[in-house]
Amino acid sequence: TASFNWEDPLATSELYTEEELAIQDTARQYCQERLLPRVLDAYRNEHYDRKILEEMGELGLLGASIKGYGCAGVTTVASGLIAKEVERVDSGYRSGMSVQSSLIMTGINEFGTTNQKERFLPDLARGKIAGCFGLTEPNHGSDPGSMETIAKEHPNKKGYFSLSGAKTWITNSPISDVFLVWAKLESTGKIRGFLVEREKCPPGTLETPAIKDKNGLRASITGMIQMENCPVPVENMLEVEGLTGPFTCLNSARLGIAFGAIGALEDCLSRARSYALERKQFRGNPLAKYQLIQKKLADAATDAAYGSLAATQVARLKDSGSLTPEMISMVKRQNCDRALAGARLLQEIFGGNAASDEYHIGRHVANLFVVQTYEGQSDIHSLILGRAITGVQAFC
Ligand code: TGC
Ligand code: FAD
């Protein structure tokens, strides 16, 4: 007879193939053995170890669902499980991986020329080069369609565009070799994607200062992309026009976040459960004996189980070709909201010790606020869903 497993209450793992489970195991082993021992130091010192991308590349974790070009070609579910294992350690580590895998590599794979794919994808897959995705600007975050970054014909260099403008809050920008920058083409007013290569930019045309002193996602590096008449060859423009380009990349990354946020919540749950069993208050009773504590654990376990099931279903629908972007909005929003709310509640179980970073829970809470904000803040996903439900758009 079946018995209840608090770590997988709805037996979601039964929906995974043996290969998917093996990939999850490999990712979990790497994350627990190699990332977890580094995370406290990285978070305290706001340091992202560039070697992590190479290590992930060696294991085939980067751009894992892409077929060819040195990528593993796994299912969307397997790729989601990788995100879940990385974020079980820290959202910032998942962030560094998502930007490389889902944002820049997906952009090149979906909309790149054969030449662009051959030039960039194998090195990105191995983590030999680092990439980032520049959509958000200082004046335009939720509304990227109003971006001000401009690409125009270069006045002095034939066969080149000149890019000017600023992107902000860009994960990996200070350490990136290649930047997928979204800009409006002056001649058409349409948004286009450009692959900007750091080593080919003349001095003073590209700056990528880090944004320091963050109060979340400190194990990930974030910065700006400042461009002033930055020359980019015509052959580095992607073959897609309009917001469909960046949003297609975001579809992939947002689904990864739906898995990842649940990984973070599961880590909070496991740590809170252990703490509640060990910590004794009032006549030697463990906290776990008290009903209010049990309710917190039950709520978080339920949200994690529902979130895993839903993300798995959406990933399967992606692979069978029946996905709609609204499904992704639904799981990105719900899983981030529930992970953040759950982590905050579980934090209470640690009492004063929650204030020490050695218990890890405060780090997850601070990270999950950011995860709920980037790639479409939850209220923005509510509006995407509201538009799909009513047929009326409420953005402006
Ligand atoms: P809207 O009129 O809705 O659409 C404009 C065009 O885009 C197409 N489109 C999509 N295509 C593919 N997938 C999707 N999910 C799509 N959503 C829209 C749409 O069909 C249309 O095409 P066309 O051909 O008709 O022009 O655009 P809008 O300007 O009204 O947009 C509103 C809204 C709210 C949906 C959108 O702007 C939005 O999602 N805002 C949130 C911004 C966001 O998510 N930014 C993310 C920045 S990257 C990031 O945060 C990375 S963090 C990574 C990490 O560290 O892990
Ligand atoms: P705003 O758009 O100013 O929104 C502020 C608040 O107003 C939000 O709560 C929002 O939901 C609400 N709001 C906005 N419009 C409406 C409306 N019409 N109706 C109701 N409410 C509304 N971007 C990238 O391009 N690449 C990256 O790699 C990247 N990495 C990031 C890493 C970190 C650590 C952070 C913090 C951000 C990152 N971002 C990145 C940017 C991120 O995507 C944006 O911060 C996010 O999209 C929100 O934009 P904003 O900060 O400008 O907020």
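Model, not experiment: these values are computed from the prediction.

### Re the overall build of the protein chain
Looking only at helices and strands, one finds 10 helices and 9 strands in the protein chain. The globule rule puts the C-alpha radius of gyration for 396 residues at 21 Å, and the 21 Å found for the protein chain is close to it. Each principal axis of the C-alpha distribution contributes one length, and for the protein chain these read about 80 × 45 × 45 Å. In the protein chain, which comprises 396 residues, the proportion classed as buried is 47%. Expressed as a percentage of contacts within the protein chain between residues at least 6 apart in sequence, the contacts between residues at least 24 apart total 75%.

### What about the nonpolar core?
Counting residues in each nonpolar core, the largest one holds 106 residues, and the members touching the most others are Ile104, Leu163, Phe194, Ala261, Leu265 and Ala343. Considering every element that reaches this core, the biggest residue donor is helix H6 (residues 244-278), with 16 residues.

### Some points on helix H2 (residues 51-58)
Regarding H2, the residues found buried are Ile52, Leu53, Met56 and Gly57. Along the axis of H2, the buried positions cluster into a sector of 140 degrees, meaning they face one direction only. Turned more than 90 degrees off the buried face of H2, the exposed positions are Lys51 and Glu58. On its buried face, H2 sits against helix H4 (91-111) and helix H5 (114-126). Within two residues after H2, Gly60 carries a phi angle of roughly 75 degrees, on the positive side.

### Concerning the site of ligand 2
Around ligand 2 lies a shell of 21 residues, among which Leu135, Thr136, Gly141, Ser142 and Gln377 are the nearest. Elements supplying a minimum of two residues to the shell around ligand 2: strand S3 (131-134), strand S5 (160-171), helix H9 (361-373) and helix H10 (378-390). Here the residues of the shell around ligand 2 are counted per class, giving 11 nonpolar, 8 polar and 2 charged.

### Notes on the pairing of strand S7 (residues 191-197)
The buried fraction of S7 amounts to 6 of the 7 residues, a majority that puts the element mostly inside the structure. Between strand S6 (residues 178-185) and the antiparallel strand that follows it, S7, lie 5 residues; Gly189 among them carries a positive phi value of about 75 degrees.

### A word on the site of ligand 1
Around ligand 1, the surrounding shell holds 26 residues, and the nearest of these are Ser95, Gly145, Leu243, Phe247 and Pro325. Of all the secondary-structure elements, those providing two or more residues to the shell around ligand 1 are H4, H6 and H10. No other element matches H6, which puts 6 residues into the shell around ligand 1. Residues that form the shell around ligand 1 fall into these classes: 13 nonpolar, 11 polar and 2 charged.

### Digging into unusual backbone geometry
Phi at Trp169 takes a positive value of approximately 60 degrees, unusual for a residue other than glycine. The residue Trp169 is located in strand S5 in this model. Although it is not a glycine, Asn172 sits at a positive phi angle of roughly 75 degrees. As for its placement among the helices and strands, Asn172 is situated in the loop between S5 and S6.

### Looking at the UniProt feature "domain: Acyl-CoA dehydrogenase/oxidase N-terminal" (unreviewed entry) in the protein chain
When the UniProt feature table is mapped onto this chain, "domain: Acyl-CoA dehydrogenase/oxidase N-terminal" (unreviewed entry) is found at residues 17-128. Secondary structure across residues 17-128 divides into 75% helix and 4% strand, with the first and last C-alpha atoms of the span separated by 30 Å.

### Side note on the UniProt feature "domain: Acyl-CoA dehydrogenase/oxidase C-terminal" (unreviewed entry) in the protein chain
According to UniProt, the positions carrying the feature "domain: Acyl-CoA dehydrogenase/oxidase C-terminal" (unreviewed entry) are residues 247-389. Helix and strand shares over residues 247-389 are 78% and 0% respectively, and the end C-alpha atoms of the span are 20 Å apart.

### As for the packing of H6 against helix H8 (residues 325-349)
Where H6 meets H8, the closest approach of the two axes is 8 Å, and the angle between their N-to-C directions is 20 degrees. The orientation of H6 with respect to H8, classified from their angle, is roughly parallel. Helix-helix and strand crossings are classified by hand; for H6 and H8 the assignment is left-handed. For the contact of H6 with H8, the class distribution of residues is 20 nonpolar, 3 polar and 2 charged.

Rules and cut-offs
Residues numbered from 1 in each chain as written. Chains lettered and ligands numbered in written order. Predicted model: local features only at pLDDT ≥ 70, side-chain atom pairs only at ≥ 80, totals over all residues. Helix = DSSP H or I, 4+ residues; strand = E, 2+ residues; numbered from the N terminus. Rg over C-alpha atoms; globule rule 2.2 N^0.38 Å. Buried ≥ 20, exposed ≤ 12 C-beta atoms within 10 Å, placed from the backbone. Contact = placed C-beta atoms within 7 Å. Core = buried A, V, L, I, M, F, W, Y, C linked by C-beta atoms within 7 Å. Arc of directions from axis to C-beta. Near = placed C-beta within 6 Å. Nonpolar A, V, L, I, M, F, W, Y, C, P; charged D, E, K, R; others polar. Pairing = 2+ DSSP bridges. UniProt positions renumbered as here; feature names shortened; annotations may be inferred. Axes fitted to C-alpha atoms, helices over the stretch in contact; angles between N-to-C directions. Parallel < 35°, antiparallel > 145°, perpendicular 65-115°, else oblique. Left-handed = near helix turned anticlockwise from the far one by under 90°.

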